[in-house]
Amino acid sequence: MTAGIGGGSVDDPLDPADPVAPAVVPPRTPARTLADRLLDGADFGVLAVDDRGLVRRANAAARRLLPGVRETELLPGPVAVGLSAGPDDGPAELELAGRALRARRQELPDGWVAWHVEDVTEHRRRLDNLLAERARSRFLATASRRLGLSLHPGRTARAVVELASSELADLAVVVLPVRGGVSEWYACTGDRVASSGRTDVAHMPAELRDALAGVAGGPRPLLAEDLAGQPWAADAPSAAALISLPGNGVPAGALVLLRHEADSAAAPGVDKALTEEFAQRSGLALAAASLYAGQAGTAAVLKRSLQQPELPRVPGMVFGAAYRPAEEGLLIGGDFYDVLVGPDRSAMFVLGDVCGKGVHAAVSTGQLRQSVQALRRLDRDPVSLLRLLNETMLEAADPEADPGFATVVLGSATPLADGGLELELAGGGHLPPLVVRRDGIEEIGIGGMLVGAVPSARFASRTVRLAPGEACVLYTDGVSEARGGVDGRETLGETRLAGLLTGAHVMPAPAIAERVEQHTTRWLASGPHDDIAVLVVQAPLVLPDPSGPAAEARA
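Computed from a prediction, not measured in an experiment: that's the story for all the values here. (Residues numbered from 1 in each chain as written. Predicted model: local features only at pLDDT ≥ 70, side-chain atom pairs only at ≥ 80, totals over all residues. Heavy atoms only, no water.)

### As for the sheet that holds strand 16 (residues 347-354)
In space, the 5 strands of this open sheet follow the order 15-16-17-18-21, with antiparallel pairing throughout. The sheet is open, and its two edges are formed by strand 15 (335-341) and strand 21 (460-466), each paired on a single side. Between one strand and the next, the sheet's axes are offset by a mean angle of 15 degrees, whatever the strand orientation. Both strand 18 (residues 421-428) and strand 21 contribute to a ladder of 7 bridges, which runs antiparallel. Note that in strand 21 the partner of Leu423 across the bridge is Val464. Here helix 9 (residues 382-396) sits on the sheet and contacts strand 16, strand 17 (406-415), strand 18 and strand 21; the angle it forms with strand 17, its principal contact strand, is near 150 degrees. (Pairing = 2+ DSSP bridges. Helix = DSSP H or I, 4+ residues; strand = E, 2+ residues; numbered from the N terminus. Axes fitted to C-alpha atoms, helices over the stretch in contact; angles between N-to-C directions. Contact = heavy atoms within 4.5 Å.)

Listed below in structure tokens is the structure:
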């Protein structure tokens with residue numbers, strides 16, 4: 001104590017006689033070493049566990065990734081279970097707090113274990129997306145290949161439902177557009193059990209009618225009661241979706257996808273982008289198939305009208321024919337024949353060769369046959385009929401197109417009282433017919449100019465009588481000019497053809513025509529050839545009476 005001013009006293013802090021209060025020292029935290037800083041700066045977790053299972057070191061990333069991990073404590077149960085569940089020779093995969101982790105084990109001295117923990121959530125998500133995209137691409141590539149294999153509407157629809165049921169639904173149904181109040185449907189299950197049928201438009205759900213009409217577009221859900229009564233929905237589905245299949249301006253059909261699982265997450269349309277892309281490709285394939293089917297049907301009708309007609313049965317005469325087009329896949333060509341029956345037991349027949357080959361020539365032959373059928377009602381004389389046909393072809397010719405013409409033999413056949421035939425043959429620049437007689441072959445030179453080439457063309461005619469069994473053979477240059485033989489360049493020619501027909505008077509007309517065609521085919525071998533047409537007119541063979549004199553002599 002010391003005296004203060006004014007007689008007072010003050011404490012002297014430096015007075016050694018006074019006791020000194022101890023200073024309060026805050027607790028010291030362990031100094032962070034460089035190794036600590038390096039571990040905490042790492043973006044992956046590092047965890048060290050001693051031989052007793054106590055956590056001896058966990059960096060910041062480990063504490064963030066492994067909830068509940070604290071130093072000097074045992075590992076939390078979920079963490080311990082996840083780490084111990086990994087394989088002995090590989091990393092452990094575990095899910096904690098919504099994160100995907102990969103932990104690699106490292107053995108340390110004294111029984112310690114170190115775990116290197118990595119967050120692979122984003123990596124796994126990218127990998128899953130990549131695998132899903134590859135699966136989608138693989139499915140769409142497979143779909144494109146399958147859908148491009150057929151242009152038949154039914155087979156294409158069946159391919160659509162088989163593909164859809166394998167990837168998008170437990171049951172897939174394609175309903176084709178309504179025709180005549182009825183629609184065809186095709187269905188397939190995931191077990192590849194296929195079915196098909198027809199349904200009346202009045203029994204369709206309104207949503208399905210809208211999809212077929214193009215009112216509904218992308219995938220839309222359907223209720224189980226909406227599908228009640230549909231033949232392809234016998235088992236009530238837990239989820240269903242409907243999508244219109246786009247076509248050429250109008251829908252090519254509708255696709256219905258059904259699931260039977262109770263889990264709504266498995267409902268169709270989860271992968272909306274994949275479903276829409278598949279529907280787009282399916283619609284285009286169905287539209288192409290439908291368009292092709294319509295065109296093929298039209299072409300088939302037109303082709304039937306251009307094909308060679310069936311020969312009629314005419315009392316007192318026999319006809320036979322053979323035909324082989326140059327383009328055999330078309331079944332039509334530039335050669336033609338026809339037989340027209342008259343009201344007076346007579347018949348008119350024609351064989352010709354239009355310049356050109358293939359479809360264009362076949363169209364010309366169809367026009368020629370129709371012209372002959374119409375013009376014969378105006379005039380039955382073969383020469384007059386050729387003149388009318390020549391004028392008709394010239395009037396119908398396109399002035400900007402190449403000039404067209406034809407070689408034609410046109411004739412009429414009238415039965416005779418003795419069983420023979422009288423033929424009136426008119427020629428329009430065609431090869432001379434060959435008559436098969438009992439004593440040999442006779443060439444009938446007619447002459448005449450090309451039909452449809454020039455105005456005021458001149459045509460000639462010949463009258464030929466056939467005894468019973470004798471035949472008149474008309475043929476085109478595809479027979480006489482057929483190239484083949486040993487070197488493949490020798491023509492068949494009229495001489496070989498006449499030799500082939502020698503003795504054929506004992507054969508019926510169809511057999512004679514077939515003989516000529518088959519021999520010509522063998523002569524050609526596999527080489528290219530022109531159209532081949534043969535028409536045979538024959539007086540019927542007279543068979544001996546079994547009870548006549550010859551039979552009595554044999555007895």
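### A look at the sheet that holds strand 11 (residues 220-222)
The antiparallel open sheet is built from 6 strands, whose spatial order is 10-9-8-13-12-11. In the strand order of this sheet, the two ends are held by strand 10 (194-200) and strand 11, each with one partner. Strand-to-strand twist of the sheet, defined as the mean angle between neighbouring strand axes without regard to direction, takes the value 25 degrees. Across the sheet, helix 5 (residues 153-167) touches strand 8 (171-175), strand 9 (182-189) and strand 13 (253-259), and the angle it forms with strand 9 is around 40 degrees. Lying over the sheet, helix 6 (residues 206-213) contacts strand 8, strand 11, strand 12 (239-245) and strand 13, oriented at roughly 140 degrees with respect to strand 13.

### Details of the environment of Arg209
Relative to the helices and strands, Arg209 resides in helix 6. We classify Arg209 as partly exposed; its relative accessible area is 34%. For the pair Arg209 and Val178, spaced 31 residues apart in the sequence, the C-alpha separation amounts to 9.0 Å. If sequence neighbours within four positions are ignored, Arg209 has contacts with Val201, Ala202 and Met204. (Buried < 20%, exposed > 50% of the residue type's maximum accessible area, 1.4 Å probe, protein only.)

### Overview of the pattern of salt bridges
Between side chains of opposite charge, pairing is possible as soon as their charged atoms come close. A complete count under the given rule lists 19 salt bridges for this structure. Between Arg437 and Glu470 there is a salt bridge, and its shortest N-O distance comes to 2.8 Å. Of this pair, Arg437 sits in strand 19 (residues 434-437) while Glu470 sits in the loop between strand 21 and strand 22 (471-475); the two residues are 33 residues apart in sequence, bridging distant segments of the chain. The same class applies to Arg437 and to Glu470, which are both buried. (Salt bridge = Lys/Arg side-chain N within 4 Å of Asp/Glu carboxyl O.)

### As for the confidence of the model for the chain
For the chain, the average pLDDT comes to 83, and 86% of its residues sit at 70 or higher. This stretch, residues 1-10, has a pLDDT under 50; its non-local contacts, to residues over four places away or in other chains, come to 11 contacts. Of the regions scoring below 50 in pLDDT, residues 262-269 engages in 14 contacts with residues more than four places distant in sequence or in other chains. (pLDDT = per-residue confidence, 0-100.)

### Concerning the side chain of Ser165
Within the secondary structure, Ser165 is located in helix 5. A polar atom in the side chain of Ser165 sits 3.1 Å from the backbone oxygen of Glu162. If we ignore the near neighbours within four places in the chain, the residues touching Ser165 are Ala172, Cys188, Thr189 and Gly190. (Polar contact = N/O pair within 3.5 Å; in protein donor to acceptor, adjacent residues only side chain to side chain.)

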